[in-house]
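Fold and contact review
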Amino acid sequence: MTARPAPPLSRRLSRVLVYLAAILVALYILAPIYLIAVMAFSPRAVVYGYPKPLLPTQISLETISFFINSYGILDSVKNSVLVAVFTLVISLAIGAPAGYALARYIFPGGDIYRILILSTRAFPVVILSIPLITTYISWGLDDSALGVALLHTAMALPTTILVTSSIFVGVSKDLEEAAMTMGCTRAGAFRRVALPLALPGLAASAIFTFMLSWNEVFAAAILTLQNQTLPARLIVQLNQSPIPFRFAGGFFILVPAIVFMLFARRYLFSLWGVKLR
Amino acid sequence: MKPRRRANLEPYLLLLPSLAYLAVFFAWPMVQAFGLAFRADDGRWTAEFFQRMIGDAAFWPALRTTLILVVTIIPLQFILALIMALLATAGLRGAGALIYFYALPIAVSDLAAGIVWFSIFTERGYLNTILQGLGLLERPFIFLQYGATWSLIAVILAEVWRATSIVFVILVAGLQGIPKEYHEAAEVFGAGWFARLRRITLPLLRPSIQVALILRTILAFQVFAVVVALTGDGVKVLASEAYQWYSQWRNLNVAAAYAALILAISLLSTVIYLRALRTRTEALTV
Amino acid sequence: MAEIRIENVRKEFGKVVAVKDVSLVIPDREFIVLLGPSGCGKTTLLRCIAGLEQVDGGRVYFGDRDVTDLPVRQRRISMVFQSYAVFPHMTVFENIAFGLRMQHKPDVEVKRRVQAAAELLHIEELLARYPAQLSGGQRQRVAVARAIAYDADVLLMDEPLSNLDALLRLEMRAELKRLIEELQTTVVYVTHDQVEALSLGDRIAVMKQGEILQVDSPLTVYDRPAAHFVGSFIGNPPMNFLPARVIDGGAGLTVGEARLMLVGEMADAARRVGSQEVWLGIRAENIEPLTGPGPTTLPGRILVVEPLGSHTLLTVRTAEAMIKVNARADAPFRADQPVWLKLSADKVRLLDKTTGRAL
Ligand SMILES: Nc1ncnc2c1ncn2[C@@H]1O[C@H](COP(=O)(O)OP(=O)(O)O)[C@@H](O)[C@H]1O
Ligand SMILES: [Mg+2]
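Being a predicted model, the structure only gives us computed values, none of them experimental. (Residues numbered from 1 in each chain as written. Chains lettered and ligands numbered in written order. Predicted model: local features only at pLDDT ≥ 70, side-chain atom pairs only at ≥ 80, totals over all residues. Heavy atoms only, no water.)

Turning our attention to the domain arrangement of chain A. Domain parsing of chain A yields domain 1 (15–60) and domain 2 (72–241). For domain 1 of chain A versus domain 2 of chain A, the separation of C-alpha centres amounts to 34 Å. (Domains from an automatic or database assignment.)

Across the contact, 27 residues belong to chain C and 22 residues belong to chain B. Buried surface at the junction of chain C and chain B, summed over both partners, amounts to about 2300 Å²; 70% is from carbon and sulfur atoms. Summed over the three residues of chain C that lose the most area to chain B, namely Arg73, Pro88 and His89 of chain C, the buried surface amounts to 25% of that side. Counting every contact that joins chain C to chain B gives 1 salt bridge. The shortest N-O distance in the salt bridge between Glu184 of chain B and Arg47 of chain C comes to 2.7 Å. Put simply, chain C and chain B have 2 residue pairs in polar contact (both at pLDDT 80 or more) between them. Of all the secondary structure elements, the ones that give two or more residues to the side of chain C that touches chain B are strand 6 (77–80), helix 2 (92–102) and helix 4 (136–149) of chain C. Class assignment of the residues belonging to the side of chain C that touches chain B gives a composition of 17 nonpolar, 5 polar and 5 charged. (Contact = heavy atoms within 4.5 Å. Buried area = accessible area lost by both parts, 1.4 Å probe. Salt bridge = Lys/Arg side-chain N within 4 Å of Asp/Glu carboxyl O. Polar contact = N/O pair within 3.5 Å; in protein donor to acceptor, adjacent residues only side chain to side chain. Helix = DSSP H or I, 4+ residues; strand = E, 2+ residues; numbered from the N terminus. Nonpolar A, V, L, I, M, F, W, Y, C, P; charged D, E, K, R; others polar.)

Residues and elements named next belong to chain C. At a minimum axis distance of 9 Å, the contact between helix 2 and helix 3 (residues 107–120) shows a crossing angle of 130°. On the basis of the axis angle, helix 2 is oblique to helix 3. Relative to helix 3, helix 2 is oriented so that their crossing is right-handed. Between helix 2, through Phe93, Ile96, Ala97, Leu100 and Arg101, and helix 3, the contact on the second element is made entirely by Asp107, Val110, Lys111, Arg113, Val114 and Ala117. (Axes fitted to C-alpha atoms, helices over the stretch in contact; angles between N-to-C directions. Parallel < 35°, antiparallel > 145°, perpendicular 65-115°, else oblique. Left-handed = near helix turned anticlockwise from the far one by under 90°.)

All names here are of chain A. Among the structural elements, Pro244 can be located in helix 12 (residues 243–264). Residue Pro244 is classed as buried on the basis of its relative accessible area of 0%. In this structure, the C-alpha to C-alpha distance between Pro244 and Val18, residues 226 residues apart in sequence, is 39 Å. Sequence-distant contacts of Pro244, that is, excluding residues within four places in its chain, are made with Arg44, Val47, Tyr48, Thr63 and Phe66. (Buried < 20%, exposed > 50% of the residue type's maximum accessible area, 1.4 Å probe, protein only.)

Let's shift gears to the confidence of the model for chain A. Detailed reading of the predicted coordinates is not advisable wherever pLDDT falls low. With 94% of its residues at a pLDDT of 70 or more, chain A has an overall mean of 86. The secondary structure element of chain A with the lowest average pLDDT is helix 13 (residues 268–272) of chain A, at 68, and the one with the highest is helix 4 (residues 73–104) of chain A, at 93. (pLDDT = per-residue confidence, 0-100.)

Quick look at the pattern of salt bridges now. All names here are of chain C. Taken as a whole and assessed by the stated rule, the structure comprises 32 salt bridges over all chains. Between Arg178 and Glu175 there is a salt bridge whose closest N-O contact spans 3.9 Å. Here Arg178 pairs with Glu175, and both are found in helix 5 (residues 166–183), just 3 residues apart, close to one helical turn. Assessed through its relative accessible area of 32%, Arg178 is described here as partly exposed. For Glu175, a relative accessible area of 13% translates into the label buried.

Turning our attention to the packing of aromatic side chains. Scanning all chains against the criterion turns up 35 aromatic pairs over all chains. Seen in terms of ring centroids, Phe121 of chain B and Phe143 of chain B are 5.7 Å apart; in terms of plane orientation they differ by 80°. Their pairing is edge-to-face. Of this pair, Phe121 of chain B sits in helix 5 (residues 110–121) while Phe143 of chain B sits in the loop between helix 6 (126–133) and helix 7 (149–176); the two residues are 22 residues apart in sequence, bridging distant segments of the chain. In terms of burial, Phe121 of chain B and Phe143 of chain B fall into one category: buried. Relative to Tyr150 of chain C, the ring of Phe189 of chain B has its centre 5.2 Å away and its plane inclined at 85°; by these criteria the two rings are edge-to-face. With Phe189 of chain B in the loop between helix 8 (180–188) and helix 9 (193–204) and Tyr150 of chain C in the loop between helix 4 and strand 7 (154–158), this residue pair bridges two chains. Pair check on accessibility: Phe189 of chain B and Tyr150 of chain C agree, each one buried. Each member of the aromatic cluster is reached from another via a ring pair, and the members are Tyr28 of chain A together with Trp117, Phe121, Phe141, Phe143, Trp150 and Trp161 of chain B. Lying over the aromatic face of Trp45 of chain B, Arg39 of chain B brings its terminal NZ or CZ to 5.0 Å of the ring centre. Over the ring of Trp279 of chain C we find Lys353 of chain C; its NZ or CZ atom is 4.8 Å from the centre of that ring. (Phe/Tyr/Trp six-rings, centres within 6.5 Å; stacked < 30°, edge-to-face > 60°. Lys NZ or Arg CZ within 6 Å of the ring centre and 35° of its normal.)

Residues and elements named next belong to chain C. Across the sheet, which stays open at both edges, the 5 strands sit in the order 15-19-16-17-18 with antiparallel pairing between neighbours. What marks the edges here is a single partner per strand, and that holds for strand 15 (287–290) and strand 18 (322–328). Within the sheet, the average angular offset between the axes of one strand and its neighbour, ignoring direction, is 45°. Relative to strand 18, strand 17 (residues 311–318) runs antiparallel, the two sharing 7 bridges. Bridge pairing in strand 18 places Val316 opposite Ile323. (Pairing = 2+ DSSP bridges.)

Residue and element names in this part refer to chain A. Helix 7 (residues 145–170) packs onto helix 6 (residues 129–139) with a crossing angle of 140° between their chain directions and a minimal axis gap of 12 Å. As far as their axial angle goes, helix 7 and helix 6 are oblique. Considering the relative orientation of helix 6 and helix 7, their crossing is right-handed. Here Ser129, Leu132 and Tyr136 of helix 6 come into contact with helix 7, specifically with Gly147, Val148, Leu150 and Leu151.

Sheet faces and side chains relate simply in a regular strand, where the side chains alternate between the two faces. All names here are of chain C. Within strand 17, 6 of the 8 residues are buried, which leaves the element mostly enclosed by the surrounding structure. Pairing of strand 16 (residues 297–307) with strand 17 involves 7 bridges; the strand directions are antiparallel. Residue Gly300 lies in a different strand from strand 17, and its bridge partner there is Thr318. If you look at the hairpin formed by strand 16 and strand 17, you'll find 3 residues sitting between the two strands, and Gly309 has a positive phi there, around 95°. Between strand 17 and strand 18, which follow one another and run antiparallel, lie 3 residues.

All names here are of chain C. Close to ligand 1 lie Phe13, Val16, Ala18, Pro37, Ser38, Gly39, Cys40, Gly41, Lys42, Thr43 and Thr44. Taking Lys42, its main chain carries an N or O atom lying 2.9 Å from an oxygen atom of ligand 1. Secondary structure elements with two or more residues in the shell around ligand 1: strand 2 (16–26) and helix 1 (42–50). In terms of residue count, helix 1 provides more of the shell around ligand 1 than any other element does, 3 residues in total. Looking at side-chain class alone, the shell around ligand 1 contains 5 nonpolar, 5 polar and 1 charged residues. (Near = heavy atom within 4 Å.)

The next subject is the interface of chain A and chain B. Of the residues lining the interface, 93 residues belong to chain A; the matching set on chain B comes to 94 residues. On inspection of chain A and its partner chain B, the count reaches 0 salt bridges. For the side of chain A that touches chain B, the class distribution of residues is 76 nonpolar, 9 polar and 8 charged.

Written out as structure tokens, the structure reads:
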């Protein structure tokens, strides 16, 4: 085997610069996450202290347990999970059939519907929580997890529809038809063939919906009073809370999101690469 | 012929729930926002709430700050996201990890981002620690002072940090959709790196850029938790005022006036983008 | 315009060696065709010449310029891509003008040369259109026009006709041939279609698994394949190969019971190797089917009769192998009928039994 000839110096140099730039940007993104983690795992005295340590010198769960044991936090975590699960279930239940219809049928109005769904992205849905307050009061949905979830679903639904549609486009119609020639009903073919193949993509879509809901602050803070989600509770209390509470709280919302990303990263581009055409 | 007619109805039945849902939880509240903002309790049309909003001392600063944030954050994000996307698709070793890291903040809520950057910018925070450690400062500097320019810069940095990822992912998805033959052909016909970027990559990326711009601008007009977590009420924006009017003063009508305003500005900006970035449809469908 | 000299060029993708130490000299103004089955490394070799791949070993020269380390755009090549790579966001005019714009040519010249290229390819009326408004054939013309409008020493084409339908391909093939004869430039043309290669090339380089097996004029490659593979890849039907034995120290040959006297070049080759087992290669049109035995015939039985209009193709089973034979269109052959095959001794190729190389 002949050795690969060394590329010219200028090319090697620019390669090094590219790596350097890539690492610098990665540092800009990772460093703040690292720093808040250091804070969350330091004892309260260190969190209050100055200068702040750049390395975790004294690892301790004191700050985190202080946060978790603060009044109302566990309830709000429970609410957050409840809201996110509601959101995920409702938006998949309503969005997946629509996405399936867009993927499988050619019908008059299909394009108009698609444009309609796309254009909802041009609206700040979160802001709609304000007018919804009166509606919720008359429906008895005010200050409820379901109420927040219903708004979060309105935020998530267009994306869910478009993403599930592209997932089902990726599952060949031939497969379903082949199943039908072998004695499956229409619904049976969907359940036995299309659904299992689409499942990983649907799961990724669900994860993103969960994250969207878990992270949302404004609407959750507007629509709840007692039954707050974690971000809502945090934002209401934030400016009266001690520093360790804030840092641990910030870290606490951050962690599930990052873990979820790890699972869903393969689908990142199919989820967000949906083009506006 | 009976089954065929049923088959024709199927897609509509599948779409119906989503349409009904969006009517109730999207279209109706939007109408209601304007109703609450422009109608008094007795049903008369009135500009009273709107005037109260505009007359409030915090209104113009909030509007100004929101606009400043939009016009600074969005260009910065696009430049950074483009650099990140080009780095991530440059065929570096470890590109997979790089893409994961760069995309990570997508999962980070604006509130968490605000808190994270608060730990950096607060008086007894990391930035002062580092600057003092390097001997650049004698004593901690108060970055997040009420109404200070530095507060705004902190908000910009935090927002750029948090929300550039989504632009990045959209751009990378767009880049991956451009066949590499276009770049190779341009190279064959004498285009250098920069010429390829300007004449091939960016034009072909236009649909992705358009999506990302609209998405990001809409979100930037609603910027809220980052600002509150970083500065308390030291920096005022439209969404935080809307929140205040409802949660603090219990005035739903003025809050709705803010909501209506944000809606209107968002729509206006979308229309502007769509016109400015209009893609010749015939140039798109290959 | 330039001679291309490739010396021991090697390209690996991980474990796959796509191009194995290939050497090739392409004289100035020659139209050479790289021919081989899919995956044999034609595209990779072409891209090494273009500079789109960096070679793992060896050198590439254009004339006396060593271009091995030059980036693509400094090599003065132009190229037609298999997918055409016509820029979708530019009009046909801007596509053809692209390279000239990159060279900052004055507008007047750009216009003149785009016009000239467009006329050569009969696409003047399409200049204002976008690629999405063109048919596949028209896009292909744009790609070719773009390549010839650009100042280049070397024109590279990667299966430019493979995405066209059969009829259009035939038409474009003839047009390309005329065009390139006019152009007087060095052309490297990649295809997996042997008919295309035979009809277009001044010379054909036949590739297999990253290596060039033979470089010769189309007729030589067809009539006198240098290797078993070349004979079986080129021609329709492929060359027949029969196990044979050189006897009498090279004076003759036995194929089963039949004896053949060798003449000319093959006789010399046979004399060199002496008595041994060999492959006998012969094309279908050089075998005459007879209804009765003769002194040097090979007996067999007809399996399939396929009338093809200009002639009839017979598939014959003999004791040694299946053999394709051309019969006259009006010959009265039927399936399952015995037949005797007369091989033309002067058209026979002898190949080494183990290496597959011609003797
Ligand atoms: N970019 C690449 N990465 C990995 N393997 C490649 C790449 N390009 C080509 N190959 C491999 O190299 C061999 C030759 O490919 P190619 O030159 O495209 O063949 P051809 O054009 O003759 O069909 C094939 O085995 C192919 O799989
Ligand atoms: Mg090829």
